[in-house]
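# Secondary and tertiary structure notes
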Amino acid sequence: MLINKKIVESQLMFFNLQYDDNILDELSFKLQIRVKHTKHIYKNLLQSFFLFLKIIRLIFFVIPSKKFYKYVFLIFDKLPSPLNLVTKLVRGYILLDFFEDEKV
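Numbers given for residues are sequential positions, taken from 1 along each chain in its written order. Whole-chain, interface and lining totals are the exception, using all residues; otherwise, since this is a predicted model, local features are given only for residues with pLDDT of at least 70 and side-chain atom pairs are given and counted only at 80 or more. Excluding hydrogens and water, the side-chain figures rest on all heavy atoms present in the structure.

## Brief notes about the packing of helix H1 (residues 5-15) against helix H2 (residues 21-36)
Interaxial angles span 0 to 180 degrees and are taken between N-to-C directions of axes, which are lines fitted to C-alpha atoms, for helices over the stretch in contact. Helical segments are the DSSP runs of H or I of at least four residues, strand segments are the runs of E of at least two, and each set is numbered from the N terminus. Running from amino to carboxyl end, H1 crosses H2 at an angle of 100°, the nearest separation of the two axes being 9 Å. Here H1 is positioned roughly perpendicular relative to H2, judged by the angle of their axes. Residues Lys5, Val8, Glu9 and Leu12 of H1 form the contact with H2, whose participating residues are Asp21, Leu24, Asp25, Leu27, Ser28 and Leu31. A per-class count over the contact of H1 with H2 returns 5 nonpolar, 1 polar and 4 charged. Angles are sorted into four bins: roughly parallel if under 35 degrees, roughly antiparallel if over 145, roughly perpendicular if 65 to 115, and oblique for all others. Throughout, a contact is declared for two residues whenever any of their heavy atoms are within 4.5 Å. Residue classes follow a fixed rule: Ala, Val, Leu, Ile, Met, Phe, Trp, Tyr, Cys and Pro count as nonpolar, while Asp, Glu, Lys and Arg count as charged, and any other residue, Gly among them, counts as polar.

Written out as structure tokens, the structure is:
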């Protein structure tokens, strides 16, 4: 699983949202489904990004997962527009799921 609950949890910190562990697992699964159903260019971009993250995570295994993902996404959020697309897509999917479940 390329998108795990630590990635989702690190993104929820940007919105000051919290879920319990069961919902985090479900949300990470939904996020993977949404990635599979996006356009091919976005799907390939996201899958290669998360594969790259997994490799980098293995190198920096001493850093706690949530902290690692938080800083990686902070760095990508500061990059220019085409490069921060992954961060915007992931956060957009998380917010979409939050508002679909809450029915605000």
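## Focus on the side chain of Arg91
Mapping Arg91 onto the fold places it in helix H5 (residues 85-102). Once residues within four sequence positions are removed from consideration, Arg91 is found in contact with Gln11, Phe14, Phe15, Phe73 and Asp77.

## Here we look at the environment of Leu51
Within the secondary structure, Leu51 sits in helix H3 (residues 40-59). Each residue is placed in one exposure class: buried if its accessible area under a 1.4 Å probe, protein chains only, is under 20% of its type's maximum, exposed if it is over 50%, and partly exposed if it falls in between. Using a relative accessible area of 45% as the deciding quantity, one classes Leu51 as partly exposed.

## Things to note about the nonpolar core
Core analysis: the largest hydrophobic core is formed by 25 residues, its most contacted members being Val8, Leu46, Phe49, Phe50 and Leu53. At the level of secondary structure, the elements contributing two or more residues to this core comprise H1, H2, H3, helix H4 (65-78) and H5. With 6 residues, H5 is the largest single contributor of residues to this core. Dropping the residues within four chain positions of it, Leu46 is found in contact with Val35, Val86, Leu89, Val90 and Tyr93. The set of buried Ala, Val, Leu, Ile, Met, Phe, Trp, Tyr and Cys residues whose side-chain atoms join them within 4.5 Å is what this entry labels a nonpolar core.

## Some thoughts on the environment of Ile59
Within the secondary structure, Ile59 is located in helix H3. Since its relative accessible area comes to 55%, Ile59 is described here as exposed. Once the C-alpha coordinates of Ile59 and Pro80 are considered, the two residues, 21 residues apart in sequence, prove to be 26 Å apart.

## Focus: H3
Three- or four-residue spacings in an α-helix give side chains the same orientation, since the helix completes a turn every 3.6 residues. Here H3 contains 20 residues, and its C-alpha end-to-end distance of 29 Å stays within 8% of the 28 Å for a straight helix at 1.5 Å per residue. Among all positions of H3, only Lys43, Leu46, Phe49, Phe50, Leu53 and Arg57 are buried. Seen end-on, H3 carries its buried residues on one side only, within an arc spanning 135°. Residues of H3 that are exposed and point more than 90 degrees away from the buried face comprise His40, Ile41, Leu58 and Ile59. Given the number of residues in a helix, its expected span is that number minus one, multiplied by 1.5 Å. This arc describes the spread of directions from the helix axis toward the C-beta atoms.

## Description of a nonpolar patch on the surface
Residues forming no salt bridge and having over 30% relative accessible area are the ones grouped into patches, like charges within 9 Å of each other and nonpolar side chains (Val, Leu, Ile, Met, Phe, Trp, Tyr) within 5 Å. The accessible surface values rely on the Shrake-Rupley method and a 1.4 Å probe; as for residues, cover is taken only from the protein chains in view. A side-chain nitrogen of Lys or Arg and a carboxyl oxygen of Asp or Glu constitute a salt bridge if their distance falls within 4 Å. Taken together, the side chains of Leu2, Leu51, Ile55, Ile59, Phe60, Phe61, Val62 and Ile63 define a hydrophobic patch exposed on the protein surface, amounting to about 780 Å² of accessible area. Looking at where Val62 falls in the secondary structure, it is placed in the loop between H3 and H4.

## A short note on the packing of aromatic side chains
The relative placement of two aromatic rings is captured by the distance of their centres and the angle of their planes. The pairing test for Phe, Tyr and Trp rings, Trp by its six-membered ring, is centres within 6.5 Å, and the orientation test on the planes gives stacked under 30 degrees, edge-to-face over 60, and tilted for anything in between. Applying the stated rule across the entire model yields 5 aromatic pairs. Between the aromatic rings of Phe49 and Phe73, the centroid separation amounts to 5.8 Å while the plane-to-plane angle is 65°, which identifies the pairing as edge-to-face. Here Phe49 is found in helix H3, whereas its partner Phe73 is found in helix H4, with 24 residues between them in sequence. Comparing Phe49 with Phe73, the two get one shared label, buried. A network of ring pairs unites the aromatic residues Phe49, Phe50, Phe73 and Phe76 as a single cluster. Only Lys NZ and Arg CZ are tested; either one counts as a charge over a ring when it is within 6 Å of the ring centre and within 35 degrees of the ring normal. The ring of Tyr71 has Lys70 lying over it, and the distance from NZ or CZ to the ring centre is 5.7 Å.

The quantities given are spatial measurements derived from coordinates; they are silent on function.
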